[in-house]
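Summary of structural features
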Amino acid sequence: MLYSEKVMDHFTNPRNVGELPDADGVGEVGNAKCGDIMKMFIKVENGVITDCKFKTFGCGAAVATSSMATELIIGKKIEDALKLTNKAVVEALDGLPPVKVHCSVLAEQAIKSAIADYYTRQGIDPTPIVGEIGDCEACHV
Amino acid sequence: MNRFVYADNAATTPVSDSVLQAMRPYLQEKFGNPSSIYALGRQAQQEVENARAAIAGAFGVQPGEIFFTSGGSESDNWAIKGAAAAQLKKGKKHIITTNIEHHAVLHTCAHLEKMGFMVTYLPVNDEGYVTARQVKEALRPDTALVTIMYANNEIGTIQPIPEIGAVCREAGVWFHTDAVQTVGNVDIDVAKQNIDLLSLSGHKIHTPKGIGALYVRRGIVLDTLIDGGGQERGRRAGTENILGIAALAQAVLDACSTVEQRAAAVSPLRDRLIDGILSSVPKCRLNGGRSPRLCGNVNISFEAVEGESLLLKLDQYGICASSGSACTSGSLDPSHVLLAIGLPHEIAHGSLRLTINEHTSPEDVDYMLETIPQVVEYLRKMSPLWHE
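Residues numbered from 1 in each chain as written. Chains lettered and ligands numbered in written order. Predicted model: local features only at pLDDT ≥ 70, side-chain atom pairs only at ≥ 80, totals over all residues. Heavy atoms only, no water.

Quick notes on the overall build of chain A
- Counting its secondary structure elements, chain A contains six helices and three strands.
- Along chain A, helices and strands appear, N-terminal first, in the series α-β-β-β-α-α-α-α-α.
- Relative to a compact globule of 141 residues, whose C-alpha radius of gyration would be 14 Å, chain A shows 14 Å and is just as compact.
- The principal-axis extent of the C-alpha atoms belonging to chain A is close to 45 × 30 × 25 Å.
- Put simply, chain A has 141 residues, and 54% of those count as buried.
- For chain A, contacts bridging at least 24 residues in sequence account for 62% of all contacts bridging at least 6.
- Put simply, chain A shows about 6100 Å² of open surface, and 49% of that area lies on carbon and sulfur atoms.
- Between the mean site of the 14 positive side-chain charges and the mean site of the 20 negative ones, chain A shows a separation of 2 Å. (Helix = DSSP H or I, 4+ residues; strand = E, 2+ residues; numbered from the N terminus. Rg over C-alpha atoms; globule rule 2.2 N^0.38 Å. Buried < 20%, exposed > 50% of the residue type's maximum accessible area, 1.4 Å probe, protein only. Contact = heavy atoms within 4.5 Å. Areas by Shrake-Rupley, 256 points an atom, 1.4 Å probe, with all protein chains shown as cover. Lys, Arg positive; Asp, Glu negative; His and termini not counted. Charge placed at Lys NZ, Arg CZ, Asp CG, Glu CD.)

Details of the pattern of salt bridges
Residues and elements named next belong to chain B.
- Summed over all chains, the structure comprises 28 salt bridges over all chains.
- For the salt bridge of Lys30 with Glu47, the shortest nitrogen-to-oxygen distance reads 3.0 Å. A residue pair is termed long-range when its members are at least 10 positions apart, and Lys30 in the loop between helix H2 (25-28) and helix H3 (39-59) and Glu47 in helix H3 qualify at 17 residues.
- When the shortest N-O distance is used, the salt bridge between Glu358 and Arg262 registers 3.1 Å. Here Glu358 is found in the loop between strand S12 (351-355) and helix H14 (362-382), whereas its partner Arg262 is found in helix H9 (residues 259-280), with 96 residues between them in sequence.
- A single salt-bridge network, built from bridges that share partners, covers Arg270, Asp271, Asp275 and Arg290. (Salt bridge = Lys/Arg side-chain N within 4 Å of Asp/Glu carboxyl O.)

A word on empty space enclosed by the protein
- As enumerated under the stated definition, the model contains one cavity of 30 Å³ or more in all.
- Counted as a void, the largest cavity has a volume near 40 Å³.
- If you go around the largest cavity, the residues you meet are Thr56(A), Phe57(A), Gly58(A), Val63(A), Ala304(B), Val305(B), Glu306(B), Ser309(B), Leu379(B), Met382(B) and Ser383(B).
- When residues of the lining of the largest cavity are traced back to their parent elements, those giving at least two are strand S3 (48-57) of chain A together with H14 of chain B.
- Its residues assigned to classes, the lining of the largest cavity comprises six nonpolar, four polar and one charged. (1 Å grid on protein atoms, 1.4 Å probe; cavity = no way out; pocket = protein on both sides within 12 Å on 5 of 7 lines; lining within 4 Å. Points joined across faces, edges and corners; volume = space filled by probe spheres on them. Nonpolar A, V, L, I, M, F, W, Y, C, P; charged D, E, K, R; others polar.)

A look at the interface of chain B and chain A
- Counting residues at the interface gives 20 residues for chain B and 25 residues for chain A.
- Across the interface of chain B and chain A, roughly 2000 Å² is buried in total on both sides, 65% from carbon and sulfur atoms.
- Taking the shortest distance from any N to any O, the salt bridge between Glu308(B) and Lys100(A) comes out at 2.6 Å.
- Viewed at the interface, chain A and chain B are joined by 10 residue pairs in polar contact (both at pLDDT 80 or more).
- For the side of chain B that touches chain A, the elements supplying multiple residues, two or more each, are helix H10 (307-316), helix H13 (345-348) and H14 of chain B.
- With five residues, the single largest contributor to the side of chain B that touches chain A is H10(B).
- Looking at the side of chain B that touches chain A residue by residue, the class counts come to nine nonpolar, five polar and six charged. (Buried area = accessible area lost by both parts, 1.4 Å probe. Polar contact = N/O pair within 3.5 Å; in protein donor to acceptor, adjacent residues only side chain to side chain.)

Digging into helix H5 (residues 101-121) of chain A
Residue and element names in this part refer to chain A.
- Helix length check: H5, at 21 residues, gives a terminal C-alpha distance of 31 Å against a target of 30 Å (1.5 Å per residue), a fit within 8%.
- Here H5 lies mainly inside the structure; 17 of its 21 residues are buried.
- Following H5 by one or two positions, Gly123 has its phi on the positive side, about 80 degrees. (Expected span 1.5 Å × (residues − 1).)

Side note on the sheet that holds strand S8 (residues 212-216) of chain B
Residue and element names in this part refer to chain B.
- A sheet is described by the order of its strands in space; here seven strands give the open sequence S2-S8-S7-S6-S5-S3-S4, paired in mixed fashion. A single partner strand is all that each edge strand has here, and the edge strands are strand S2 (66-69) and strand S4 (118-122). Here the average twist between neighbouring strands, direction ignored, is 20 degrees.
- Pairing of strand S5 (residues 143-147) with strand S6 (residues 174-178), which is carried by three bridges, proceeds in the parallel orientation. The residue bridging Leu145 from the neighbouring strand is Trp174, located in S6.
- Where H3 meets the sheet, its contacts fall on S2 and strand S7 (197-201), and the angle it forms with S2 comes to roughly 115 degrees.
- Docked against the sheet, helix H7 (residues 161-171) engages S5 and S6, running at close to 160 degrees with respect to S6. (Pairing = 2+ DSSP bridges. Axes fitted to C-alpha atoms, helices over the stretch in contact; angles between N-to-C directions.)

Observations concerning the sheet that holds strand S9 (residues 284-286) of chain B
All names here are of chain B.
- The strand order across the open sheet built from three strands is S9-S10-S12, with neighbouring strands paired in antiparallel fashion. Each having just a single partner strand, S9 and S12 make up the two edges of the open sheet. Each neighbouring strand pair of the sheet contributes to a mean axis angle of 20 degrees, computed without reference to strand direction.
- Across three bridges, the pairing between S9 and strand S10 (residues 297-302) is antiparallel. When the bridges of S10 are listed, Arg285 appears paired with Ser301.

With respect to unusual backbone geometry
Residue and element names in this part refer to chain B.
- Looking along the chain, the bond that leaves Ser291 and enters Pro292 is cis, with omega of -5 degrees.
- Looking at the element boundaries, Pro292 is found in the loop between S9 and S10.
- Non-glycine residue Arg233 carries a positive phi angle of around 55 degrees.
- Summarising the element assignment, Arg233 is placed in the loop between S8 and helix H8 (242-256).

Quick word on the packing of H3(B) against H8(B)
Residues and elements named next belong to chain B.
- In the contact formed by H3 and H8, the axes pass within 9 Å of each other and the chain directions differ by 25 degrees. One element, H3, and the other, H8, form an angle in the roughly parallel class. For the element pair H3 and H8, the recorded crossing hand is left-handed. Within the contact between the two elements, H3 uses Ala44, Val48, Ala51, Ala54, Ile55, Ala58 and Phe59 and H8 uses Ile242, Ile245, Leu248, Ala249, Val252, Leu253 and Cys256.
- Grouping the constituent residues of the contact of H3 with H8 by class yields 14 nonpolar, no polar and no charged. (Parallel < 35°, antiparallel > 145°, perpendicular 65-115°, else oblique. Left-handed = near helix turned anticlockwise from the far one by under 90°.)

What follows is the structure, encoded as structure tokens:
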């Protein structure tokens, strides 16, 4: 398994690990049976994601994609954060081995799930804005 | 301070000094092709036969019963496919194996299933053992072969091979065992243990990769797997890997002459590792029964931790280990061995295998016992599944 230096950097020194006790939105995706779970916490002020933290159970790529995803959305407006694709996460990490691309899908879904939770807490139906958050395509259960 | 601890000897081993010495002449001086007629070739052929005799002696068999192959996978493939094809001529098309075999056996059996063979996969118990009674009950009049590994590569459990061999011999069914992990760890006497076919690999016992052997009991004629020239008495084609063959002979002699010393030296370190981890890390379990178990095998699952992350983190501390997690198996499912002993997927993902040997020092064990709990704690702090 060959990981890029950036993946190894984000695995070795993951950014924004932890929880936000006063989070405005929390999303959790994946399942333990597959070996990957990502939990994202976001803080939102005036439509901007001011802070984001994560907790991840998973492989090196799962940790690295979580870490990179938090970096990519902090400071972004919600609507821009929603545009974050798994491809952008992969590119920001200088690539992932093909069997690990599903980890980046999980990272994208974790962010969408946290944003959906934020809208729900605001009394807004998230589905028209966030869309359906599908199951991880690689997941077999 | 970081040490370098190689604790993945079940994956492969470095070439030992004695093996390197044994190989050296075959690189540049004695490089001849054993099939050549001139002295250089004849000498090479003589060396191949000397090596064969040495290996045969170590297992108490005749030189004519040892065939050189490219390694454990080829030996397993040849034994199973060769036996299946030979037995099919007698109308036999049933194979018995277990659900914890190496993929070289399991995937070969799956291949034969596609060709019309029926395969019984005996389940192991939650400690990772199968019994001779299970084998006896699974035997059918059309059973062509029983293939059961001597010791498991992941969880180190040693199967009751002599008892299983006796059941097979009584029924007149050929019995193959994959002993790749076993050589040097257990006294193997194929005659007493009623073994008809036995696979072994060099690089687990300090040869370079790419050499192995298959023991084929006299009287058994397997269909060939590799056709070509007349090497290995026409049973396995290909110019002899004299470098590897010389290495294998030395390695087998080294391994088989030190079984007791190895067990005496390594078992206490293994037990200290197992007991040390189990007592210092909450929510973990030993996979595979404690006895009989390979003297260097430790396999422990940690809740709420994923195996690949664990390995990458341990690597940063200089510790080389392996895991049965899906991420390290290259598939979505965790190790079939860990699932076979009843572990739920999520626990199987968090397994750690340490395989030590006589070169592992007590200080290496101290270092692992100090490092592993720290790494597990670090990963658990990052894990959404972990609740103190």
